[in-house]
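# Observations on chain architecture
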Amino acid sequence: QSAAEIAAYKQLQQACIKELNIAANDAALLTTDKEVTNPSESVKCYHSCIYKKLGLLSDNGTPSADKIVKFAQMRFPNVAADKLKALLNSCGATKSPTTCEFVYNYETCVVKGLKA
């Protein structure tokens, strides 16, 4: 993953934080993959904003599995690809009422799974 990719990703993070008016302390947690306690609606929509900007969600809000695997490998380069794929599959199987909720739960599940 190149420095340019990392810089572009950081810009996306800032754009979503601004768009959703996320408080600075919550933003600091989100950008370092830490959990936000009692997340607001805008915090829940943060990851879905990133996913949309990266083209990881189709227009109807369904995640594009292949693209998400590539994105996860970029973010977590030290994790074995098969472990990542298994996690992404099990976390992606959960149903949620909204896209924000789905992507938020998905992200939380993946990050927890990686720490396990």
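Here's what I pulled together on the structure shown here. Only a predicted model underlies this, so the values are computations on that prediction, with no experimental measurement involved.

Below, the discussion takes up the overall build of the protein chain. Of regular secondary structure, the protein chain possesses six helices and zero strands. Taken over C-alpha atoms, the radius of gyration comes to 13 Å for the protein chain, in line with the 13 Å a tight globule of 116 residues would show. C-alpha extents for the protein chain along the principal axes are approximately 35 × 35 × 30 Å. Within the protein chain, buried positions represent 38% of all 116 residues. Sequence separation of at least 24 residues holds for 56% of the intrachain contacts in the protein chain that already meet a minimum separation of 6. Roughly 6,800 Å² of accessible area belongs to the protein chain as shown, and the carbon and sulfur atoms make up 55% of that amount.

This brings us to unusual backbone geometry. Most peptide bonds adopt trans geometry, and most residues besides glycine take a negative phi value. The backbone phi angle of N21 is positive, close to 50°, even though this residue is not glycine. Here N21 lies in the loop between α1 (3–19) and α2 (24–30). When its relative accessible area of 67% is taken as the criterion, N21 is described as exposed. For D33, which is not glycine, the phi torsion reads 60° and is therefore positive. Mapped onto the elements of the fold, D33 is located in the loop between α2 and α3 (41–53). Residue class for D33 comes out partly exposed when judged on its relative accessible area of 24%.

What counts, and at which threshold
Residues numbered from 1 in each chain as written. Predicted model: local features only at pLDDT ≥ 70, side-chain atom pairs only at ≥ 80, totals over all residues. Heavy atoms only, no water. Helix = DSSP H or I, 4+ residues; strand = E, 2+ residues; numbered from the N terminus. Rg over C-alpha atoms; globule rule 2.2 N^0.38 Å. Buried < 20%, exposed > 50% of the residue type's maximum accessible area, 1.4 Å probe, protein only. Contact = heavy atoms within 4.5 Å. Areas by Shrake-Rupley, 256 points an atom, 1.4 Å probe, with all protein chains shown as cover.

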